[in-house]
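Survey of secondary and tertiary structure
Below are the chains, spelled out letter by letter.
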Amino acid sequence: MTRPTPTSRDFVAAMNERFAAIAGWSFDHRWIVLLLCCAAIFGAAKLSGLARVDASYESYFDPQDPIYLAYEQYRDDFGSDEVSYILYAAPEAEHGPWNLDVMRRVLELTEALEDEVPFIYEVKSLANAELTVGVADGIEIRELADDFPETQEELLALRDQYLAKPMLVGGLVSADATHAAITIEMDRSSTDPLEDIRHDTTLSEAEGLNALENLYPQVTDDAIAAILARPEYADIVFRHTGDVPFNAVYNRIIEEETGFLFMMTCLVIGVILAVCFRSTVGVLAPLAVVSLSMMFSMALIGALGWMIDLSFSSVPTLLTAIGIAHSVHILNGFRMKLRELGNRREALVQTVRLVGTPCLLTSLTTAAGFAAMSFVPIKSIAHMGVYSAFGVLAAFFLSLTLLMALLSFDPMAFLRRVTGAGEPAQPMHTPAASPNADVGRQRVRAALDAIAAFDIRHRRAILAGFALLFVASFVGMTRIVADSNWLDDFSDEVPLKVDAEYVDEVMGGSTNIIYVFDAGEPDAIKEPAVLREMERVQEIAEKHDLVRKSYSLVDILKDLNQAFHEGDPAYYVIPETRELVAQYLLLYETSGGEEAEELVSSDYQRASLEFRLAIAPTSHTADLVAAIDAELEREPLEAATASLTGIGALWLILLDYIVSSQITGFLLAFCVIAVMMVTVFRSFSVGLISMVPNLTPIAFVLGLMGVLGIYLDYSKVSIAAVAIGIAVDDTIHLMSRYRFEFRRLGNYREALHAALGDVGRALFITSIALVCGFSVFALSIQPTQAMFGLLLSVTIVTALVADLLLMPALVLTFEPFGPEGERVRAPEALREAA
C-alpha cells in the first residue's frame, strides 16, 4: 500500500502556511478587503442584471445540436409552434357552445384576442374556422363570422356540418359538442432575441423595459387572462393551457420561487448558525458569503450571455447550503482557538492553518462535481454546472477574505468604545463559556467518543454491513427507469395543471410529435403516392391510444374531394391524380383557404404530419415512435422520406441525454475527485479509501430511486455528480484531521478519538445545515424540486453515516497512514495541519 511521502508533507505544510498568510493579511487589511468586496459586489450586480429568464424547452438544447437544428428547420418552413389553447364550455346555456348568444360572444372574444393580444399570428375558433362546402361551380370556404346565423335553428344546423368535419372535431369542438376551443398561434418564441420580445419599447430600463411583465410570453399570457376575465364572459368557463401559459408560469416560478426558496434557506441556516454559535457575526457573516457567491454566479450568467432557465431554480438553495460549510468549519475552529489563545488574529491564523487546505480541497471537489455536468449534452444542465462551480469557488474565496475581515472585528470592544465602558476584569476577546455550553460540548464529545469506540470494536461488522448495503443498492439501481412527464413539474395545487389535465381528458393533445415528409423536389408533395404514404403513417399512429388528434395536408385534400362530390363520405379519400390535387389546392387558395399554409412548405416540397398526444410519460411517446418505425421498416416509404421532429421528439432526445448525462457526469466527477484526493494526500491508498465511503450515498440513493419507482428525469440528471461533490467534503475534513492526529500520536485508535473529537461537531453542524437547507425544496410548488431536495438530504445523511462508520473502519483495517509508533514532532505536525 502506498504510504504518504515527505514530499506530501512539505506540499501540505506549504499550502497551510499560504492559507495562514492569507488569513493574517485579511485581518491586517480588513478595510481594504471590505472595499474590494464592495467593488466586486457592484460589478457583479451590474453583470447579473444582464441575465434574463427563459423557461422554454429550447433551453435544454444546444443551438448546434443536430436534432434541435432539424426542429428549427421545421419552424422556418411551417412557422412557430408555440400556441395558447383555450377550452371553453357554457354549462348554464342551452346547447352549450352552440347557444346563439354564446357563439356571438365567442366571435367578439375572437376579435378581441386578435386585436389586443401582442405577439400573436392567428386566432382560430368556431367563429372563424374554415368550413368547406361544395357548390354548383366548385367549393366555398365559409366562416360563421362572415354570415352569422340569425336564429338558434340556423346555428344548430351549422353545428351538424361542423361535427361532420374530422379536421375540426377533437381540435376546435368536442365530439359531443359540449366543449369548444380557441387556438392562438404565436409569431414569437421564448428564445427569440430580447429586442424581439419586448412589448412596450418606449420604456427605459429603469421603467421596466426588460422586466418580465414587459416580455413575451408574460405580456401575452397576461393580456389573454385579462380578456377572459371580462364580465361579459362570466358565464363561460375557460381553461387556458398551451405553451404560452406554461412558459409564463415557469418564468414566474424562476423569478419568484427561486428568491423565496433562497430566503427560506438563509432563514433556516441562520437559525442553525445562531443555535450553534450564539453570535451575530457567526450568523450574518456566513450568510453574506453565500449571498455574494450567488450574486457572482448570476454575474457569470450575465457576462456569458446565458439565460436564467429551469435548471437555475435550485441553484441558490444548493449554493447556500453547500457554501455555508466552509464558514462552519472556520467558525468552529475560530471559537475553539479564540477560547484557547485569547487573541483574535492568532486564532484566525491558526484556524485557517488547520482548515485552509481541507476547505480548498472540498471546494475543488464540489466544484468538480458541478463542473462535470458542463460536458453533458443538455444545455441548461451544462450551463448550471459551470456557474454553480464558479459560485462554489467564489464562496471559498470569500470565506478566506471577507469572512476573515468580518471576524477580525470584536463587537464587544466596539460596544465598549461606543458606550465608554472600561475594560472588563476578564478580557472580552476571551469569551468565558457558560455552564450550559460546557455541558453541551461535553455531551457532544462523549457521543463522538462513543462513535469512535464503536468503530474500533466493530470494524469488521461495519465493513460487512456496508458490503450488504452496496449489494442491495446495486440491485435497486438495475430497476431505475429514465423517464419524464413535464406536467409532474407542477403540484396539484397549481390551477394550470388542473386545467391541462381537464383539457387533455376532454380534447387531448397537450404535446405533439411531427413527421416532416420531403418529396425531394418542389411540387412533389402533390403526388398521390406521397400523400398516400403520409396517410399510411397517419393511420398507423391513430391506432395508438396516445394519439388524440392528427393534422396534415391529406385531411384538407380529402375534405376538398368530399366537398366536390356533394359531401358524399365515400369521397373522403385522396384525389387520384396529381393534376386533380393541384386543381383542388388552387381552388382552395383562390377561395380564401389559409390553413394549408401551416401544413406544407411554400414550394410544396415538404409537408408536416402532426400528432397531438395525450399527457403521458415520455416513454409512451417512445413506444409510439417505435411502433411507427417498425411498420416503416417492414414496409419502407418509397415516394418520400420522413423525419421526426416537434416538441415530443425533443423530449425523446432529452430522455436519451438524461441517461448518458447521468453516466458521463458521475464518472467524470468521480475520476476528477479521485485524482484530486490522491494528488493532495500524495497516497493512492488514502485517496482510494477516501472515495469508497462517498460511493455509498450515491449507490444508496440511486438504489432507493429504483426500488421506489422514482423516475430518473431531467430534474435529477445531475444528482449523482452533484451528490458526490457534496458528500466528499466531510470525508476530506475527517480524513485530513485523522491523518494529522495519527502523525502526532502514532496510534490509529487514539488518532480516531482525537480527530472525531475535533472535527466531529463541525461535521454534524454542516450535515444538519445541508439537510435543512435541502429540505426547503419541500416548499416548492414543483414536486420534482421537492423530490430532488429529499434525495439530496438522504444523500447527506447517508454520507455522514459512511464517514463516521465506514471510513474509520477502512482506515483501521488497511492502515494507509503507515505503521503505528511513528510520530511526527508536534511543531511540524501543527505546521502541516493536514
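Residues numbered from 1 in each chain as written. Predicted model: local features only at pLDDT ≥ 70, side-chain atom pairs only at ≥ 80, totals over all residues. Heavy atoms only, no water.

**Considering the overall build of the protein**
On a plain count of helices and strands, the protein comes out with 26 helices and twelve strands. Viewed in the frame of its principal axes, the protein has a C-alpha envelope of about 110 × 65 × 45 Å. Taking all 834 residues of the protein together, the buried fraction comes to 59%. Counting every atom, the protein has about 33300 Å² of accessible surface; 59% of that belongs to carbon and sulfur. (Helix = DSSP H or I, 4+ residues; strand = E, 2+ residues; numbered from the N terminus. Buried < 20%, exposed > 50% of the residue type's maximum accessible area, 1.4 Å probe, protein only. Areas by Shrake-Rupley, 256 points an atom, 1.4 Å probe, with all protein chains shown as cover.)

**Some thoughts on the pattern of salt bridges**
Applying the stated criterion to the full structure yields 26 salt bridges. Between Glu741 and Arg744 there is a salt bridge whose closest N-O contact spans 2.5 Å. Residue Glu741 and its partner Arg744 are located together in helix α23 (residues 719-745), separated by three residues, close to a single helical turn. Salt bridges sharing partners connect three or more residues here, namely Glu213, Asp221, Asp222 and Arg252. (Salt bridge = Lys/Arg side-chain N within 4 Å of Asp/Glu carboxyl O.)

**Concerning the nonpolar core**
Core analysis: the largest hydrophobic core is formed by 172 residues, its most contacted members being Ile378, Tyr738 and Phe774. Take this core: its biggest share by element is 16 residues, from helix α21 (residues 647-681). Apart from the residues lying within four places of it in its own chain, the contact partners of Phe774 are Leu318, Ala321, Ile322, Ile726, Gly789, Leu792, Ser793 and Ile796. Ranked by size, the runner-up nonpolar core spans 48 residues in total, among them Leu107, Leu109, Ile227 and Tyr233. (Core = buried A, V, L, I, M, F, W, Y, C linked by side-chain atoms within 4.5 Å. Contact = heavy atoms within 4.5 Å.)

**Overview of the packing of aromatic side chains**
Going through the model one piece at a time under the given rule, you end up with 18 aromatic pairs. Between Tyr71 and Tyr74, the ring centres sit 6.3 Å apart and the planes meet at 25°, which makes this aromatic pair stacked. You can see Tyr71 and its partner Tyr74 sitting in helix α3 (residues 66-78), three residues apart, about one turn around the helix. Like Tyr74, Tyr71 is buried. Look at Tyr250 and Phe490: their rings are 5.0 Å apart centre to centre, the planes differ by 40°, and that puts the pair in the tilted class. Of the two residues, Tyr250 is situated in helix α7 (residues 243-277) and Phe490 in the loop between α15 (459-477) and α16 (495-506); the sequence distance between them amounts to 240 residues. Neither residue differs from the other here; Tyr250 and Phe490 are each classed as buried. (Phe/Tyr/Trp six-rings, centres within 6.5 Å; stacked < 30°, edge-to-face > 60°.)

**So, a nonpolar patch on the surface**
A cluster of nonpolar side chains, namely Trp25, Ile32 and Leu36, defines an oily patch on the protein surface of about 310 Å² accessible area. Inspection of the secondary structure puts Leu36 in helix α2 (residues 30-48). (Patch = residues over 30% accessible without salt bridge, like charges linked within 9 Å, V, L, I, M, F, W, Y side chains within 5 Å.)

**What to know about unusual backbone geometry**
A cis amide bond links Tyr216 to the next residue, Pro217, at an omega of 5°. In this fold, Pro217 is placed in the loop between β6 (180-186) and α6 (218-228). Despite not being glycine, His95 has its phi angle at roughly 70°, a positive value. Although it is not a glycine, Glu566 sits at a positive phi angle of roughly 60°. If you trace the backbone, Glu566 turns up in the loop between α18 (553-564) and α19 (578-590). Residue class for Glu566 comes out exposed when judged on its relative accessible area of 81%.

**Thoughts on helix α17 (residues 528-542)**
Over its 15 residues, α17 extends 21 Å from the first C-alpha to the last, a length consistent with the 21 Å expected when each residue adds 1.5 Å. In terms of burial, α17 is a largely internal element, eleven of the 15 residues being buried. Pro528, Val530, Leu531, Glu533, Met534, Glu535, Arg536, Val537, Gln538, Ile540 and Ala541 are the residues of α17 that are buried. The inward-facing, buried residues of α17 abut β9 (511-518), β10 (547-552), α18, α19, β11 (606-613) and α20 (618-634). (Expected span 1.5 Å × (residues − 1).)

**Some thoughts on the sheet that holds β10**
An order of β10-β11-β9-β12 is seen for the four strands of this open sheet, with the pairing classed as antiparallel. Two strands bound the open sheet, and with one partner strand each, they are β10 and β12 (641-645). Here the strands of the sheet are splayed against their neighbours by 20° on average, with no regard to which way each runs. Pairing of β9 with β12, which is carried by five bridges, proceeds in the antiparallel orientation. (Pairing = 2+ DSSP bridges. Axes fitted to C-alpha atoms, helices over the stretch in contact; angles between N-to-C directions.)

**Description of α23**
The terminal C-alpha atoms of α23, which comprises 27 residues, lie 39 Å apart, in line with the 39 Å expected from a rise of 1.5 Å per residue. A bend of about 25° at Asp729 is the largest found in α23. Of all 27 residues that make up α23, 26 are buried, and the element is covered over most of its length. Phi turns positive, to about 75°, at Gly746, one or two residues after α23. (Bend = angle between axes of the 7 residues up to and from the residue.)

**Details of the packing of α23 against helix α25 (residues 783-814)**
Following both chains from N to C, one finds α23 and α25 inclined at 35°, their axes separated by 9 Å at the closest point. For the pair α23 and α25, the sense of crossing is right-handed. Packed against α23, whose contacting residues are Ile719, Ala723, Ile726, Ala727, Asp730, Thr731, Leu734, Met735 and Tyr738, the element α25 presents Phe788, Leu791, Leu792, Thr795, Ile796, Ala799, Leu800, Asp803, Met807, Pro808, Val811 and Leu812 at the interface. A class-by-class count of the residues in the contact of α23 with α25 yields 17 nonpolar, two polar and two charged. (Left-handed = near helix turned anticlockwise from the far one by under 90°. Nonpolar A, V, L, I, M, F, W, Y, C, P; charged D, E, K, R; others polar.)

**Regarding the environment of Ile556**
Its place among the elements puts Ile556 in helix α18. Leaving out residues up to four positions away in the same chain, Ile556 has contacts with Met167, Tyr588, Glu595, Ala596 and Leu599.

These values are about where atoms sit, not about what they do.
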